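Examining the three-dimensional arrangement
So the chains spell out like this:
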Amino acid sequence: MLLLYIRAVLGLLLGGTVYQFYWGFEVNLLASIAMVAGGLGIANEKRWGYRLAVGITVLGLFPLVAWLWDFGPSILGEFRFVTIALFPIAQVVLLLHPLSRQHQRIWFT
């Protein structure tokens, strides 16, 4: 949840997100709003918040896969790609971890 808020604020202030680089400012703005809404939904134990957070996070992985497809494995050695990919991958891992999913299934309404 905290990572959603951090990515939303940094995305708006710095603009250095996957959404901004691949789709532009408008999608970055919508993604930041969706991350805040998803974080608030998770904080209030709502299933829609968890689903929105997972959806917007997985959407952020598509540009990474496209860049990897276009430039090949050599892009994995570039510092810029690694720093851009770090937060979305960590966020997906944390949201889809079995303990997070089990907690969501049991406690969220």
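Attention in this report is confined to the structure presented alongside it. As the structure is a computational prediction, the values presented were derived from the model and not from experiment.

Cut-off values and rules
Residues numbered from 1 in each chain as written. Predicted model: local features only at pLDDT ≥ 70, side-chain atom pairs only at ≥ 80, totals over all residues. Heavy atoms only, no water. Axes fitted to C-alpha atoms, helices over the stretch in contact; angles between N-to-C directions. Helix = DSSP H or I, 4+ residues; strand = E, 2+ residues; numbered from the N terminus. Left-handed = near helix turned anticlockwise from the far one by under 90°. Contact = heavy atoms within 4.5 Å. Nonpolar A, V, L, I, M, F, W, Y, C, P; charged D, E, K, R; others polar. Buried < 20%, exposed > 50% of the residue type's maximum accessible area, 1.4 Å probe, protein only. Arc of directions from axis to C-beta. Phe/Tyr/Trp six-rings, centres within 6.5 Å; stacked < 30°, edge-to-face > 60°.

1. With respect to the packing of helix H3 (residues 25-43) against helix H4 (residues 47-59)
- As a packed pair, H3 and H4 sit with axes 7 Å apart at the nearest point and diverge in direction by 145°. Like other packed secondary-structure pairs, H3 and H4 cross with a definite hand, here left-handed. The segment H3 lies against H4, with Ala31, Ala34, Met35, Ala37, Gly38, Gly41 and Ile42 engaging Trp48, Gly49, Tyr50, Leu52, Ala53 and Ile56.
- Across the contact of H3 with H4, the residue classes break down as 10 nonpolar, three polar and no charged.

2. Some thoughts on helix H5 (residues 61-71)
- If you check which residues of H5 are buried, you get Pro63, Leu64, Ala66 and Trp67. When H5 is viewed along its axis, its buried side chains cluster within an angular range of 160° and face the same direction. Turned more than 90 degrees from where H5 packs its buried face, Phe62, Val65 and Trp69 sit exposed.
- Tucked into the core, H5 has its buried residues touching helix H2 (18-22), H4 and helix H6 (79-96).
- Phi for Gly72, located one or two positions after H5, is positive at around 80°.

3. Examining the packing of aromatic side chains
- Counted by the stated rule, this structure contains three aromatic pairs.
- Ring geometry for Tyr19 against Trp23: centres 6.3 Å apart, planes inclined by 25°, an arrangement best described as stacked.
- Relative accessible area serves as the criterion here: at 0%, Tyr19 is assigned to the buried category.
- Judged by relative accessible area, Trp23 falls into the partly exposed class, the value being 36%.
- Seen in terms of ring centroids, Tyr22 and Trp67 are 5.8 Å apart; in terms of plane orientation they differ by 75°. Their pairing is edge-to-face. Placement of the pair is Tyr22 in helix H2 and Trp67 in helix H5, with a sequence separation of 45 residues.
- Residue Tyr22 is classed as partly exposed on the basis of its relative accessible area, which comes to 38%.

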